[in-house]
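Residues per chain, in single letters:
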Amino acid sequence: MSIEICALSKQFGSFTALNSINLKVNPGELLALLGPSGSGKTTLLRIIAGLETADSGQVLFNQENSTDKHIRDRHVGFVFQHYALFRNMTIFENVAFGLRVRPRKQRPNTREINRRVTELLQLVQLDWLADRYPHQLSGGQRQRIALARALAVEPGVLLLDEPFGALDAKVRKELRAWLRKLHNDMHITSVFVTHDQEEALEVADRIVVMNRGRIEQIGTPNEVYEKPANPFVYEFLGHVNLFHGRVHQGHAWIGDLEIDAPEYPEAEDLSAIAYVRPHDIEVERTLNGEPALAAYVAHILSIGPVVRLELTHGDDLTQGAIHATISKERFRELQLVKGDQVFVKPRRLDLFPNHAHNGSIHS
Amino acid sequence: MTTIPLPQISPAPHKVVTQESPWARWTLILLALSFLSLFLLLPLVAVFFEALRKGWEVYLAAITEPDALAAIRLTLTAAAIAVPLNLIFGIAAAWAIAKFEFRGKSILTSLIDLPFSVSPVVAGLIYVLIFGLQGWAGPWLREHDISIIFAVPGIVLATIFVTVPFIARELIPLMQAQGSEEEEAAIILGASGWQTLWHITLPNIKWGLLYGTILCNARAMGEFGAVSVVSGHIRGLTNTLSLHVEILYNEYNFVAAFAVASLLALLALVTLVLKTLAEAKVAQQTTRGNHS
Amino acid sequence: MSTFKQHSVLPGFNLALGFTLLYLSLVVLIPLSAAFIYSAKLTWPEFWNAVTAPRVVASYRLTFGASFAAAAVNAFFGLLVAWVLVRYPFPGKRLVDALIDLPFALPTSVAGITLTAIYAGNGWLGQYLEPLGIKVAFTPLGVFVALTFIGLPFVVRTVQPVLEDIEKELEEAAAMLGATRWQTFRYIIFPAVLPALTTGFALAFARAIGEYGSVIFIAGNIPMVSEITPLLIITKLEQYDYAGATAIAVVMLVISFILLLIINLLQWWVRHRSTKA
């Protein structure tokens, strides 16, 4: 089932939760709505589900307008952030609920219900918990039951609100891989909300980055990470170094460092900011003829195969220290210790001329 | 090899900074318990002692004479009508207030509590003003030979009035604390409103419901002031247990008065036991959600 | 419907709210308004004379005075009882905790005759108090005793949860900064429970003002001396002075409403306090 969202807006008092959102979710796709809290992502999800109404705009399921359709007739599966398992029912009864409340004519018989529920519990690998009550389960188990319950009614669309938000880091990682695998097997159109960029990058087919009720960028994980559309997306996804500089007639300057900027041939002495990922910072012990920025090693943090360097720098070209990530091999080559002078230059950067930096990084 | 004796460590006096000295502690406990004994325990003991002062036979005779039995019947009848009505009201009011956001909600919540702050005597009076002989509906009722005041309907009405808030005020905070996610999940899974109420909401609030019902019932069976105004004190007809106690007492039939009173005191004790049990379950039901 | 109600997928709002309003109107609001409408039959001077007759004023003095004194005693002992129940283990604690609500559960007429039996001149305690010159039953003191009994649970039950919620860390911090136990109570604990204590006091006071059943047996009901206002309403009613009874009832209703408002504000204060931290 496809979902199409047209010019959707929603206001809570004077707060604009959604500002004319347009979005198409392809059939069988796993889409992430990613953004900081207050960006409107949960509101969007709840409107798609029919839990909230929009002030204006439409939601189409398979090209059919569902804006005024009752939630029961939308055939959506919804997984709540805090699971919303029925605490007075066993796990089995929870999963069976959606089938048991159907009108008599459409209701499967008891044996069929038993078969379906058992199947689903096996799918989420928790069939041995069928007779337990929700409060006897761990968070991760509850989450999987909530998913099984949503799938029991064979929804056309699966919506998940911060599905891993309430879990601890390790369980989170396991469930992420598990959800990805489940989606690969079932191919049900799914939308999930998250504020965790790592989660979105790892699980989703496509990511919708939201901020202040607007969509900042839509793209595959690779696209949004490698080619962020604007400074917000840059800062929201992954670690990034920010440099203040100027652009003039196809060239950019960060301090004394000159960089080609062929995208901006017309620029006339504009202020600009440049983003560089830590792994795109090249670190050298000596100047090798090319221009570079001088910096001092302030801190060395060795984590597994990579080494993170925190470099201080005299000018106020950057916000705080420069962060560089280099391989362990390279680190051994350089033989760096705290206090050493180094020379750095960006291997790759993205320039945004005329952008007054808003200074807000959320994560 | 010689063994080196370990230094003898004498247990240090366990002193916790956030605790008072035992001396202060026991003084406070004793002071509190004396106050409670004087004001709670003594009256409770006195009821049963006075009731049995002349032995079991007199006691049994007092609570099985026809007027006493009639009073028991009327008390049960009034409670049997008032409690279910207030139960339905409590569920409806809690559903509207706890599950929805609407304007005037806090005013409505305070209005529900209103009967608690009205003197029982005033509660009785207002029904006299409406249904009494000099009241608004008085002439019409007399024409049609319907009596409400100094009759059973008046007693039922007054009982309903004083017990309106009990169940609603118990359910509203409980349902607010539980939130609406489970109900939303049920609706998404295709359940109708009634199915959601029956399978999800009511099981979740059953102990709170029981708790409110117990308190409501205790007050309904024990109400005195409001019922006293509308009853007319006709022995065997419009006398509830509570009123019967008064009549016997005013006739200087103290043993009988205390015998009937002891029935009501027993009811109070049963209420306290059930209430304590329900309270523990409510606490469990509030916390044992999905968030735990 | 514009913004009267926020959207929700849950059904039944109209039915539930409609029934709630209908029931509340029929059972509570319309009957209560009857008192106000009925009292409008009186001219203003008539009304004023009815509610300020010396016997009525004397009853106000007794009702409010005794209610205030009872609520104050309950505030003190209620705090003490709540403290002991929350902080100290002692045998039979659960039983004591359950017994606190006895005045809620015991019908007021039972309380009334029992307290009388205890405090009458030949009663359980009365026989010892009388020789000391302390007459309780059939005096204003008896009214005070009855009102203390029925108001007892209010303070305990409002203060108890607040005391339970006070963070131990606060007290430990105070102790580490050198405060004595008494200073900790005075400057840390007492301010934290003050809103709840005031609420409990107001609830006990409001309940005491309207109380009838437990008082009339022990009060003796001597006009100008030990006659409470609710009894005066009944007396007027029995003399078929409906207007007079209604006038006094209206005064009591207005006072109840004001107290209800104050209690609502106090409860808001309690909540505000607890969420701010």
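You'll find the structure just up there.
Just so we're clear, the structure is a prediction, and the values are computed from it rather than from any experiment.

Participant: How should I be thinking about the nonpolar core in this particular structure?
Facilitator: The tendency in soluble globular proteins is for nonpolar side chains to be buried side by side. In terms of nonpolar packing, the biggest core is built from 232 residues, with Leu44 of chain A together with Phe161 of chain B touching the most fellow members. Ignoring anything within four residues of it in the chain, the contact list for phenylalanine 161 of chain B reads Pro115, Val118, Ala123, Ile126 and Tyr127 of chain B together with Val27, Val28 and Leu32 of chain C. Membership of the second largest hydrophobic core comes to 47 residues, among which are Leu34, Phe92, Leu99 and Trp178 of chain A.

Participant: Looking at this structure, how should I read unusual backbone geometry?
Facilitator: Note on backbone geometry: most residues besides glycine have negative phi, and most peptide bonds are trans. The phi torsion at alanine 7 of chain A lies on the positive side, around 50°, for a residue other than glycine. Here alanine 7 of chain A lies in strand S1 (residues 3-12).

Participant: Got a minute to help me understand the pairing of strand S3 (residues 30-34) of chain A in this structure?
Facilitator: Looking along a regular strand, one sees side chains alternate from face to face of the sheet. Residue and element names in this part refer to chain A. Counting buried positions along S3 gives five out of five residues, so the element sits mostly inside the fold. Side chains Leu30, Ala32 and Leu34 of S3 all project onto a buried face; the interleaved residues Leu31 and Leu33 project onto the opposite face, where all are buried too. When S3 meets strand S9 (residues 206-211), the two strands line up parallel, connected through four bridges. Looking at the pairing, leucine 34 lines up with valine 209 of S9.

Participant: It is not clear to me how the environment of threonine 312 of chain A should be interpreted in this structure. Could you clarify?
Facilitator: Residues and elements named next belong to chain A. Position of threonine 312 relative to the elements: it lies in strand S17 (residues 306-312). Overall, the relative accessible area of 37% leaves threonine 312 in the partly exposed class. For the pair formed by threonine 312 and threonine 16, sequence separation is 296 residues and the distance between their alpha carbons is 40 Å. For threonine 312, the residues in contact, after removing those within four places along its chain, are Ala295, Tyr296 and Ala298.

Participant: Got a minute to help me understand helix H7 (residues 152-163) of chain B in this structure?
Facilitator: Because each turn of an α-helix spans 3.6 residues, side chains separated by three or four positions in sequence point in the same direction. Residue and element names in this part refer to chain B. End to end, H7 covers 17 Å across twelve residues, agreeing with the expected 16 Å (1.5 Å per residue, within 8%). The element H7 is extensively covered by neighbouring structure, given that nine of its twelve residues are classed as buried. Every buried residue of H7 is accounted for by Gly154, Ile155, Val156, Ala158, Thr159, Ile160, Phe161, Val162 and Thr163.

Cut-offs and rules
Residues numbered from 1 in each chain as written. Chains lettered and ligands numbered in written order. Predicted model: local features only at pLDDT ≥ 70, side-chain atom pairs only at ≥ 80, totals over all residues. Heavy atoms only, no water. Core = buried A, V, L, I, M, F, W, Y, C linked by side-chain atoms within 4.5 Å. Buried < 20%, exposed > 50% of the residue type's maximum accessible area, 1.4 Å probe, protein only. Contact = heavy atoms within 4.5 Å. Helix = DSSP H or I, 4+ residues; strand = E, 2+ residues; numbered from the N terminus. Pairing = 2+ DSSP bridges. Expected span 1.5 Å × (residues − 1).

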